[in-house]
Every structure is written in structure tokens, then in C-alpha cells.
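# Architecture at a glance
Residue strings, one per chain:
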Amino acid sequence: MDFQQFFKEHFLKKFRALFNKQPKYLLDIKYYPEYLSFNEFDSKKEQILSSLLLDFSCRKYLPQALHPVLIPKPDGSLRLICIPSIQDRLVQQITLEYIREKYPDKYKLATDYDFSSKKEEGGAIRARCVALDFRNQYSHVLKTDISAFFDNLDRKIIKKNIDIQIGIKEIDFILEKIINIDIKLPPPYSVEAKEFEFLKSKRGKGIRQGMPMSSFFASLYLYNFDKFMNVQNIKYVRYADDLIVFCSSYGQAKQNLLLIKDELKKINLAVPDLEERTKTNIVKNKPIDFLGLEFRYTGKCFRSFIPNSTFERVSTKLLAYDSLNKNIKRQKNFPDVIQDINYITNGYKAAFSDACNISELDKEISEIKTKVFSKLMSSIGIDINTLSARQKRFFFSL
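Reference entry: report on the structure contained in this document. (Residues numbered from 1 in each chain as written. Predicted model: local features only at pLDDT ≥ 70, side-chain atom pairs only at ≥ 80, totals over all residues. Heavy atoms only, no water.)

### Structural notes on the sheet that holds strand 9 (residues 302–305)
- Within the open sheet, the three strands sit side by side as 7-8-9. Their pairing is antiparallel. Because the sheet does not close on itself, it has two edges, and the strands there are strand 7 (288–290) and strand 9. Neighbour to neighbour, the strand axes of the sheet diverge by 35 degrees on average, direction disregarded.
- In this structure, strand 8 (residues 293–297) lies alongside strand 9, joined through four bridges in antiparallel fashion. Bridge pairing links Phe-295 to Ser-304 in strand 9.
- Of the strands in this sheet, strand 7, strand 8 and strand 9 touch helix 5 (residues 124–135), which is tilted by about 20 degrees from strand 8. (Pairing = 2+ DSSP bridges. Helix = DSSP H or I, 4+ residues; strand = E, 2+ residues; numbered from the N terminus. Axes fitted to C-alpha atoms, helices over the stretch in contact; angles between N-to-C directions. Contact = heavy atoms within 4.5 Å.)

### Brief notes about the state of the cysteines
- Taken as a whole and judged by the stated rule, the model has zero disulfides.
- A disulfide-free cysteine, Cys-356 has its sulfur positioned 8.9 Å from the sulfur of Cys-301, the nearest such atom. (Disulfide = S-S within 2.5 Å.)

### Structural notes on the environment of Asp-112
- Within the element layout of this structure, Asp-112 appears in the loop between helix 4 (104–111) and helix 5.
- Accessibility expressed as a relative area gives 29% for Asp-112, which makes it partly exposed.
- C-alpha separation for the pair Asp-112 and Leu-220, spaced 108 residues apart in sequence, amounts to 9.4 Å. (Buried < 20%, exposed > 50% of the residue type's maximum accessible area, 1.4 Å probe, protein only.)

### Comments concerning empty space enclosed by the protein
- Summed over all chains, the structure comprises two cavities of 30 Å³ or more.
- Around the largest cavity, the lining residues are Leu-109, Ala-110, Thr-111, Asp-112, Tyr-113, Asp-114, Ser-219, Tyr-223, Asp-226 and Arg-238.
- Those elements that place two or more of their residues in the lining of the largest cavity are helix 4 and helix 10 (223–231).
- Per element, the largest residue contribution to the lining of the largest cavity is three residues, and it comes from helix 4.
- Taken together, the residues that form the lining of the largest cavity break down as four nonpolar, two polar and four charged.
- Along the walls of the second largest cavity sit Pro-23, Lys-24, Tyr-25, Lys-332, Asp-336, Gln-339 and Asp-340, which together make up its complete lining.
- Taken together, the residues that form the lining of the second largest cavity break down as two nonpolar, one polar and four charged. (1 Å grid on protein atoms, 1.4 Å probe; cavity = no way out; pocket = protein on both sides within 12 Å on 5 of 7 lines; lining within 4 Å. Points joined across faces, edges and corners; volume = space filled by probe spheres on them. Nonpolar A, V, L, I, M, F, W, Y, C, P; charged D, E, K, R; others polar.)

### Section: the pairing of strand 2 (residues 78–83)
- Only one face of strand 2 is buried, namely the one carrying Leu-78, Leu-80 and Cys-82, since none of Arg-79, Ile-81 and Ile-83 on the opposite face is buried.
- Bridging between strand 1 (residues 67–72) and strand 2 involves six bridges; their strand directions are antiparallel. When the sheet's bridge partners are listed, Val-69 is paired in strand 2 with Ile-81.

### Some thoughts on the sheet that holds strand 4 (residues 235–239)
- The four strands are arranged 4-5-3-6 in an open sheet whose pairing can be described as antiparallel. Every other strand in the sheet has two partners, leaving strand 4 and strand 6 (281–283) as the edge strands with one partner each. When strand polarity is set aside, the average angle formed by the axes of neighbouring strands in this sheet is 15 degrees.
- Bridging between strand 3 (residues 140–145) and strand 5 (residues 242–247) involves six bridges; their strand directions are antiparallel.

### A short note on the packing of helix 4 against helix 9 (residues 214–221)
- Running from N to C, helix 4 and helix 9 cross one another at 75 degrees; their axes reach a closest spacing of 7 Å. Our classification of the angle between helix 4 and helix 9 gives roughly perpendicular. Residues Tyr-107, Ala-110 and Thr-111 of helix 4 form the contact with helix 9, whose own contacting residues are Phe-216, Ser-219 and Leu-220.
- In the contact of helix 4 with helix 9, the residues fall into four nonpolar, two polar and no charged. (Parallel < 35°, antiparallel > 145°, perpendicular 65-115°, else oblique.)

Put into C-alpha cells, the structure is as follows:
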């Protein structure tokens, strides 16, 4: 089956899955006049499919500009996440699935050492489990991350790797177009000058986070680096730009850091120096965070724990729904609130299911949900404590 036939068979199914994941209030939203909302796309999906297939046959597919979202970091800097149009999301998802299904060896070549590309196999959970196993075998840990990773990916190197390692002629033009997608700059008057300059500086370089194929391109970019790490027999786990390396001594950890820095330099990347207040650390018995969990020594071995900061974050997110007036202002009715709360809580419980204190998170979530629903019910004159356990379970999943 060629790509166009594969795309045709998967397009409507992929769109329906994407559509069904969207909250009701997002179905009519679009970021730009030239974008389609989910409801508009739904009404035109057959025509859009025909148009895309024609573009593919003429090798003239052209993605739309990405919508930029700026997220403040704790240090005051900004993180750029980009939202593709619905059409381009589907093109990327189906293209990635095509490579994975029809060229499994090529897909594995690009993603074998990056757990962020293995979400179907557990992704972050699998990465933490492998890292925890190594943690209990080695005395020292070097933890670092690649500085401004996605922003510093060289598009020429990515294209070269695509040609050499992937080399699928019928989709090479699609991959090249995706690599070159840039953000749509907002009007200068609509954002702060600092934010506008930040966005402007990102155009024409790097790979934008938020695209379905971002991790695939990033993994492929690090193909030779991962190969080097394995040839050197360095025990490590990589999740996108996060690196955790396991060593037998402090000296070995420092030596491995030098090797990593030298190898990354060959592809125009870097990690922070080993100094105070950087993201590069070497520890022996101290707790260390990795992908949201904290590895702590419990007297016999290291175990993974959900940190206190995550409990606080969950509490803040859920308590944001405890006001009737605030929910109404956000145009949320009671079923919307139930849906949002379930989405948040199920997400956290699934993300940290490998933590040894997951039962504490379950208990905390249950207590906060009771507070939220008690306050909402009391605002309409209902005392939740008068309900039976069966009624609470039915209405609120308590």
C-alpha cells in the first residue's frame, strides 16, 4: 500500500479520534481566520481529504503556519509551544504512523534510544523504570539536559539525516515541509515587545515543539550521539533532551560529562557546565528528580516518589473549580466541571502510576474532590454529607 492509499484509509478515523478528545467549548474555536474550527473541519472533511490527496500526488503539500503559545518558566524565561492546524496535525500523525507500520526498521533506527518517542510502550513511565533500575546498580548519577534543544536543532542536519537514515521518496517532500514550518507572528501591538522579539528570533531555525513529529525529528537528530553513547558503554536514559547517566564514581561521572559535551558539540548542541544552579548535577545518595518523580533512598534501595510540589499543583488545579460564579464566568456548566476534574485527576494518576506513593495521591485527590463538590453543592443549598455513599459514587465518582 502506498502512502496516499494509507492516508486515505486513516484520515477520517484519525480525525474522529482527535475530534472526540476535544472539550465541547473548543469545537468552535480557531486561532486564525484561515484555520478551521473542529466543527467546520468536520463539515468539510471529505473535501479536505480530496484536496490533500491531490496535493500529495503533485508533491505540493504546504502546511499552515503554527500558532505560538508562550509559557513562562520558573526562571522568568519563556517556553514556546506551537499548535498546528487540524489538517497539519492529521498529516503528521498519519505520516508518522505510515513510517512506523510500513518501515519499522527505519522508525526504530530513529527512535530506539529516545523514550519520548515510545509513548505506546509507556514513554515516561518506562524511562523512569529503566532509570530506577540503573539507579540501584550505580553509586553516582549525572543528570543534565540539552540546552534549548528544539530551538537549536539544525534543519540542514535533520534533512541530511532524513535522506540518509529514512530515505522514503514518496514522503520526503512532506517531511521537508514539516521541518520548515514556522510560527505565525502576531501583530506587534498585540503582545509585549519582549515576547514579539522572542517569537521573531525563533523563525527559520529549530524544530517547533507541539507538532506530532517533533520528537521523531529530534530523535533522528541524535542518532549518532546515541550510537556513540552505546559504543562507549555509557549507561544512560534519554527522554527527548533530558539525560540521566549512571556511573560507578564521581570521577567517571565527570569524564562522561566531558565525552557528552564533546559529542554534542559536533551537532551544534550543548549541556550546561557542572556548576551551582545549573541543570547539570552529579549526586551520590541525594534524591534526584527525573521526569516528574523523585528517586529517594529508603534505607534498602532507591524508590520513586511523587514530590510534594506535584501534590500542591494538583490541589491548585482542582480547587480552581470550587466556585460556582467562576465556573459560570468560564462558561462551564456542571457536566463540564466533572469532565475537567476527571481529565485532570486521571491524567495525573496515569502519569505517575509507577510511583510508590501513588495511593497517597489517590487519597489527596479524593479529599480535594470532596471539598470542591461540597462547596459547589452548598452554593445551591445541597449538603453533600446528606447523600449516601452510593449517591456520591454515582454523581461525583467519590
